[in-house]
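# A closer look at the structure
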Amino acid sequence: MSAVVHVAGIRKAYGATVAVDEVSFDVEAGEIFGLIGPNGAGKTTTLECVEGLRRPDRGSIVVLGLDPVRDVYALQDRIGVQLQAAQLQKRITVQEAVDLWASLYRRSVDGTRLLEQLGLGEKRRSWFMTLSGGQKQRLFIALALINDPELVFLDELTTGLDPQARRAIWDLVRGIRDRGKTVFLTTHLMEEAERLCDRVAVIDRGRIVDMGPPAALVRRHCPDRTIVITIDDAKDDESLRAVPGVVSLTRAGAEVTISGRGEELISSVIECVSERRIRVRDFKTMVPTLEDVFLTLTGHSVRQ
């Protein structure tokens, strides 16, 4: 794979406030890359520098082999952008918006077909102000894709949407990647990043604190596993405590909490239960997530 976005040591300050501080990363062709962190971490500022909407104070950015500020007009035909805060005229119809955007590019895809693909075919004649939140976001995706871009930027795409609409948008983003495009998105929703992204960069207070595939970050920073099982006979506790990888075992009534490390911990506990013929009334596992990684790396909640 080759990098379609190369960011090296960029810094952006607004007076005494440093929004982005020595940020570096690459986005590879054909992947969904996520820049994740809480509100105010520097995600949107970084993305806007990459898009050419802001000029960094120092550092370098190359997008599709071009400088996003100097080569802005050449780059516009090759990228698609969905902004975090976007609006259209209240009484522009969906079809009119798509036709208007298509007229801005030298090359465009079939707007009617694109709307059908995004589930907006029946809304072509509807005014923008009558669309639901999820339908508006799908329209903004359509506008970002109308020029058949190689690289698509999505900034906090599903913020404020209900779970059903959010999952529908996730499917659309996967479809963009599956058509050979590269997606660069920002989000403060850790579940979204974990479900969508091939790789993520965690940003906090303007700095990248770690980067990699979500599963790899979880393994690296949160190796602990927790199993909660319900067993009546306390005599079985010692057998479970002796399972390789178990660090601690506590009992509260019939509920036993086992904490330990290693990818084999869960299967080893199951094997012990089977071999010892331990009667289990309930069995639950608690696996760390990307949000746990963020807490470990930054020391504060991602929602702050």
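Before reading further, recall that the structure is shown in the block above.
Residues numbered from 1 in each chain as written. Predicted model: local features only at pLDDT ≥ 70, side-chain atom pairs only at ≥ 80, totals over all residues. Heavy atoms only, no water.

The next thing to look at is helix α8 (residues 214-221). Those residues of α8 lying buried are Pro214, Ala216, Leu217 and Val218. Buried positions along α8 lie against α7 (190-196), β8 (199-204), β9 (207-212) and α11 (290-298). (Buried < 20%, exposed > 50% of the residue type's maximum accessible area, 1.4 Å probe, protein only. Helix = DSSP H or I, 4+ residues; strand = E, 2+ residues; numbered from the N terminus. Contact = heavy atoms within 4.5 Å.)

The element strand β7 (residues 182-187) is largely enclosed, with a buried count of six among its six residues. Alternating residues of β7 divide into Thr182, Phe184 and Thr186 and Val183, Leu185 and Thr187, and every residue in both groups is buried. In this sheet, β7 lies alongside strand β3 (residues 32-36) in parallel orientation, the contact comprising five bridges. Following the sheet pairing, Phe33 is matched in β7 by Phe184. Direction of pairing for strand β6 (residues 151-155) relative to β7: parallel, over a ladder of five bridges. Across the sheet, Leu151 pairs through a bridge with Thr182, a residue of β7. Once the chain exits β6 it traverses helix α6 (residues 163-178) before rejoining the sheet at β7, and the crossover so formed is right-handed. (Pairing = 2+ DSSP bridges. Right-handed = clockwise from strand over helix to strand, strands pointing away.)

The subject of this paragraph is the pattern of salt bridges. If charged atoms from side chains of opposite charge come close, those side chains can pair. Throughout the structure, instances matching the rule amount to 25 salt bridges. The closest approach of N and O atoms between Arg58 and Glu22, which form a salt bridge, is 2.6 Å. Here the residue Arg58 occupies a position in strand β4 (residues 58-63), and Glu22 occupies one in strand β2 (residues 17-28), the gap between them amounting to 36 residues. We classify Arg58 as partly exposed; its relative accessible area is 43%. We classify Glu22 as partly exposed; its relative accessible area is 34%. What emerges from the salt-bridge pattern is a single network uniting Arg11, Asp21 and Arg207. (Salt bridge = Lys/Arg side-chain N within 4 Å of Asp/Glu carboxyl O.)

So, on to the sheet that holds β2. In space, the three strands of this open sheet follow the order β2-β1-β4, with antiparallel pairing throughout. The sheet is open, and its two edges are formed by β2 and β4, each paired on a single side. Here the strands of the sheet are splayed against their neighbours by 15 degrees on average, with no regard to which way each runs. Alignment of strand β1 (residues 3-14) against β2, held across eight bridges, turns out to be antiparallel. Among the inter-strand pairings, His6 is bridged to a residue of β2, identified as Asp26. (Axes fitted to C-alpha atoms, helices over the stretch in contact; angles between N-to-C directions.)

Taken in spatial order, the six strands of this open sheet run β5-β6-β7-β3-β8-β9, and their pairing is mixed. Only two strands of the sheet have a single partner each, and these edge strands are β5 (79-82) and β9. On average, each strand axis in the sheet is tilted by 15 degrees relative to the strand beside it, whichever way the strands run. On top of the sheet, helix α5 (residues 133-145) reaches β5 and β6; it is set at about 160 degrees to β5, its chief contact. On the sheet, α6 packs against β3, β6 and β7 and is oriented at approximately 150 degrees with respect to β7.

Further remarks concern the side chain of Glu156. Positionally, Glu156 belongs in the loop between β6 and α6. Owing to a relative accessible area of 4%, Glu156 belongs among the buried residues under this scheme. A distance of 3.0 Å separates a polar atom in the side chain of Glu156 from a polar atom in the side chain of His188. Residue contacts for Glu156: discarding those within four places in its chain leaves Asn39, Lys43, Gln84, Gln137, Thr186, Thr187 and His188. (Polar contact = N/O pair within 3.5 Å; in protein donor to acceptor, adjacent residues only side chain to side chain.)

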